[in-house]
Every structure is written in structure tokens, then in C-alpha cells.
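Okay, here's what each chain looks like letter by letter:
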Amino acid sequence: MVVQTRGRRLLILGICCMSLLIVGLDNTIVNIAVPAIGRDLDAPLSGLQWAIDAYTLVLASLLIMGGSTADRLGRRRIFQLGLVVFSLGSLLCGMAPSLEWLIAFRVVQAVGGSMLNPVAMSIITNVFTDRRERARAIGVWAGVVGISMALGPVVGGLLVQTVGWRTIFWINVPIGIAAIVLTALFVPESRSPKPRRVDVPGQIIVLVLLASATFAIIEHEWIAGAVALVALVALLVVEPRRPEPLVDITLFRSPPFAGATSIAVAAFGALAGFLLLNTLYLQDVRHLSPLHAGLLTLPIAAITVVLGPLSGRLVGARGPRPSLLVGGAGILTSGLLLTGLTAHTPLWEVVAAYVAFGIGFAMVNPPITVTAVSGLPMAQAGVAAAFASTSRQFGSVLGIAVLGAVVTAGLHGRPMADGFSPASHVGWWIVAGCGAAILLIGTLTTSPRALSRQPEAELVDA
């Protein structure tokens, strides 16, 4: 491998972060445009849920395969292909003539996105060979994850109000083109000496499981629920028999790993559901503009920028438990504050709940990956980190599906402006429950006994 200068390594880090920025923004930026998309395309709430979940569902299903394919065929090659597909999908989303076409193009986006984040992380790991320098690079990477997701509503609100909802997709295109050119010029090609084989049965089962479970929740379809249950059983039967399984069931024997995946689902489910309910409340109930609605979520973005890196340092100094406990408490508090939300709730109370959520999410995100690899051999750290990323996306899928379904059921056919507030109360209790789950799971899985096999020195530095 050619030794890269420090300046070139930082440039490569910046290129990888560009891909992370557009994928992370796309996870949350669409939420703020939901009312505008619904009006323009004459789409019901359940259809709008699919416009969000189609992206995160496919992304969650293909992340691990995207990383293993890049290890085999070349990381730079797959990274560039992902940028091309994602940029093309973004262009098409902005041109979608109907909700059905928008959902289809969101799937194209997700296929491209699955080739970006895990591959970019592999590129960073390959380029930053010094352990401490790699740790700092991963810290920057983790910071961009939180910042991009938190800034989505603000950027989306500005674009929707000033130009139109289609521009929330088109903004990805110039960034993607720039990243494609810079990747060709500066990112070295690399492959894994022992790449994992593609587990086709496992990939199909995972996709069927996630898709059918999401469909069952959004559409209230029991047949889809039965399909999801069969897929889950198939996963438990088939994967242990695969030589290199997509889903290594044995990893869940580690309490920290099992806890981290559960915490990731709870935290990102709470975030996705929070942003969806927040958008509907501020725009359809309080009749705020998209820009004003996005600006009211600015405390979440600002707190993430400040507390995210501090949480990472706290994890290095004290382990993951303090960050997880503060994070769970923040999300729990926010959910509880919003359980009595009405059209006339003072805005300062709403913003106070947003601040509490921002503190919770900022603190809980950084320790997830560290907790995932606790108690596992370092040779499995990459797989554990990939699972943590997949769990984040799956949590987003569930958050949109569950909370959107709760609101739809609670409306009982009433207009959103009249029926949203009481219909959303169960949703806010679910957000509070996610915070409580993080508190409980974080306490149990970061105990001295659970972390007894944690390779301390390497985890703290990496």
C-alpha cells in the first residue's frame, strides 16, 4: 500500500465525509417536506411513510452486503458506483410525477447509499493506519453522522419554503458529482485479503423480514406480519448453517453487542418518529412554515454538534455507561414532556422538550458502536460495527412505521389539524418508552460483568 501524506489522508477523510453528509441528511431531510409532498402529490400519510421508509428499509437491508462487496471488488470502485447510483436516484426523486414513482426512486437512492457508508469506513480504516490518528478520523466521521441527521430538518425547511420540496433531493447531485471526481483523483484502491463471501439466502431473508414487518405495521396487514414471522424463523434456522453468514447469530451471545443493537434501534426509532411527529405538529397543527418548523429543531442540531464529540471523549475516559444513561434520560424526559401536547402548548415548552431530546440523542449515538464491539474479539469488530449501522437504519424504519401508524389510527378520519394532538399522545409515550429502554439496557449491558471480556486498550483508542 502506498503511504499517504497527512494532508492527503485528511482530504480522503473529507471525501468520505461528503458521502456520509448526503446519506445522513437524506435520512431526516425528507421529514420536513412531508406536508408539502403530500399536498403536491395528493398522498395520504401512509403513502408518505413509505416515501421515508422505502429508503431506510432498503439501506438497512443492503449495508452489510455493500461492505463485503467492496472488500472483494475494490473499495474505491464500489464507492464511486454508490455515488453514481445515489446521485442518479436523487435526481429522479426530484422529478417524480407521483408518489409511486417517488417511492421507487427512493429505493434507487438507497441502493446507492448502501455502497457508501460502510465502504467509506473501510477506506478510512485502510488509509489511517496509525491507531490514534485513525481514532481521531473515526471521531470526525461519527460527528458528521449526528450533525447531518440533526441538520436535515433545518436545511430541508429552508429549501422547501424558498425553492420547493424537489430541491431537497437535487441538492445531493452536485455534492455527489464532486465526490465522484475527487474519489477518482485522490482515493486509493484497496481490497480485503480475505473478503467475506456473499450470503445470498441470508440477504433475501433479511430483506423479506424487514419489508414484510414494515408493511404489516404501516398497512395493518396480518398476512405481511405472518410472512415476517416466517422470515424470522428462517433466519434463525438458515444463518447458523451458512459458512459465512450475513447475520451471525452467535454475536448476540455477547450482552454488550445485543444491548448496543437494541439501543441503536430504540434511539434511532425515537429520532425518526420524533422528527415525523414534530413536522406534522408544527406545520399541520400550528401552521408554521417549513423554515420555521426546521428552525425550531435547530437546538437538536446545535446540541449534537457540541455534545456529540464530548460524549465520545466521555466514552474514552469512563466507558459507554455514563453517555448511555444521560442519553436515555434525555429521550425519556423529552417524550414525557410531549405526552400532553396540544395546539395551544406554549412554544417554550415545546422547545424545552426539543432541547431534552437533543441532549439525549447527542449523548447516546457515539457509544453505540463502542458498546457493540465490547466483549467481542477485535477480528469481529468490523462486523459488529456494520450491525450497529444496520440497527440504526432499522430503528429509523420502525420509528416511522410505528408512530405514523399510531397517529393514523388515532385520527379516526378527522383532519390532521383537528385530530393530530390527541392522536399523537400515544406516539410520544412510545418515544418516552424508547428512552426508558435505553436506560435499562444501557445499565444492564455495560455492567462490569457484561464488559468483563472487553479489550479495553484497543476500544478506548479506536
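In this text the structure is predicted, and so the values were computed from the model without any measurement.

### Side note on the pattern of salt bridges
A pair can form between side chains of opposite charge whenever their charged atoms are brought close.
No. 1: In this structure the tally under the stated criterion is one salt bridge.
No. 2: A salt bridge links Arg166 to Asp40; the nearest nitrogen and oxygen atoms lie 3.6 Å apart. Of this pair, Arg166 sits in the loop between helix H7 (131-162) and helix H8 (167-170) while Asp40 sits in helix H2 (residues 34-41), placing them 126 residues apart in sequence.
No. 3: We classify Asp40 as partly exposed; its relative accessible area is 45%.

### Focus on the layout of surface pockets
It is a probe the size of a water molecule, rolled over the atoms, that shows where empty space is left.
No. 1: Of the volumes computed, that of the second largest pocket is approximately 470 Å³.
No. 2: In terms of lining, the second largest pocket is formed by 22 residues, of which the most central are Val247, Phe252, Phe387, Ser391 and Phe394.
No. 3: Looking at the lining of the second largest pocket, the elements that each hand over two or more residues are helix H3 (45-73), helix H10 (200-219), helix H11 (222-238), helix H12 (255-285) and helix H18 (381-411).
No. 4: Per-element accounting of the lining of the second largest pocket gives the leading share, five residues, to H18.
No. 5: Class assignment for the residues of the lining of the second largest pocket results in 17 nonpolar, five polar and no charged.

### Let's talk about helix H16 (residues 347-364)
No. 1: Under the 1.5 Å per step criterion, the end-to-end length of H16 is 26 Å for 18 residues, consistent within 8% with the ideal 26 Å.
No. 2: Taken together, the buried positions of H16 are occupied by Val350, Ala353, Tyr354, Ala356, Phe357, Gly358, Gly360, Phe361, Ala362, Met363 and Val364.

### Some words on H11
No. 1: In this model H11 runs 24 Å from its N-terminal to its C-terminal C-alpha over 17 residues, within 8% of the 24 Å that 1.5 Å per residue would give.
No. 2: Within H11, the full set of buried residues consists of Ala224, Ala228, Ala231 and Leu235. Looking straight down H11, one finds that the buried residues subtend no more than 60° of arc, so they occupy a single side. Turned more than 90 degrees off the buried face of H11, the exposed positions are Trp222, Leu229 and Val230.
No. 3: Contact partners of the buried residues in H11: H10.

### Observations concerning a nonpolar patch on the surface
No. 1: Residues Val198, Val200, Ile204, Val208, Trp222, Ile223 and Val227 make up a contiguous nonpolar surface patch of about 650 Å² in total accessible area.
No. 2: Following the sequence through the fold, Val208 ends up in helix H10.
No. 3: Given the relative accessible area of 35%, Val208 is considered partly exposed.

### Regarding the confidence of the model for the protein
No. 1: The predicted model of the protein averages 82 in pLDDT, with 88% of residues at 70 or higher.
No. 2: For the stretch residues 453-462, pLDDT sits under 50, and the model shows 20 contacts to residues farther than four places along the chain or on other chains.

### As for the packing of H12 against H16
No. 1: One can describe the packing of H12 onto H16 by two numbers: an axis separation of 11 Å at closest approach and a directional angle of 155°. Judged on the interaxial angle alone, H16 and H12 are roughly antiparallel. You can see that H12 and H16 cross each other, and the crossing is left-handed. Touching Ile263, Ala267, Phe268, Ala270, Leu271, Phe274, Asn278, Tyr281 and Leu282 of H12 are Val350, Tyr354, Phe357, Phe361 and Val364, all from H16.

### Observations regarding the environment of Leu116
No. 1: Within the secondary structure, Leu116 sits in the loop between helix H5 (99-113) and helix H6 (117-127).
No. 2: Along the chain, Leu116 and Gln80 lie 36 residues apart, while their C-alpha atoms are 8.3 Å from each other.
No. 3: The contact partners of Leu116, leaving out residues within four places of it in the chain, are Ser19, Val23, Phe79, Gly82, Leu83 and Phe86.

Cut-offs applied
- Residues numbered from 1 in each chain as written.
- Predicted model: local features only at pLDDT ≥ 70, side-chain atom pairs only at ≥ 80, totals over all residues.
- Heavy atoms only, no water.
- Salt bridge = Lys/Arg side-chain N within 4 Å of Asp/Glu carboxyl O.
- Helix = DSSP H or I, 4+ residues; strand = E, 2+ residues; numbered from the N terminus.
- Buried < 20%, exposed > 50% of the residue type's maximum accessible area, 1.4 Å probe, protein only.
- 1 Å grid on protein atoms, 1.4 Å probe; cavity = no way out; pocket = protein on both sides within 12 Å on 5 of 7 lines; lining within 4 Å.
- Points joined across faces, edges and corners; volume = space filled by probe spheres on them.
- Nonpolar A, V, L, I, M, F, W, Y, C, P; charged D, E, K, R; others polar.
- Expected span 1.5 Å × (residues − 1).
- Arc of directions from axis to C-beta.
- Contact = heavy atoms within 4.5 Å.
- Patch = residues over 30% accessible without salt bridge, like charges linked within 9 Å, V, L, I, M, F, W, Y side chains within 5 Å.
- Areas by Shrake-Rupley, 256 points an atom, 1.4 Å probe, with all protein chains shown as cover.
- pLDDT = per-residue confidence, 0-100.
- Axes fitted to C-alpha atoms, helices over the stretch in contact; angles between N-to-C directions.
- Parallel < 35°, antiparallel > 145°, perpendicular 65-115°, else oblique.
- Left-handed = near helix turned anticlockwise from the far one by under 90°.

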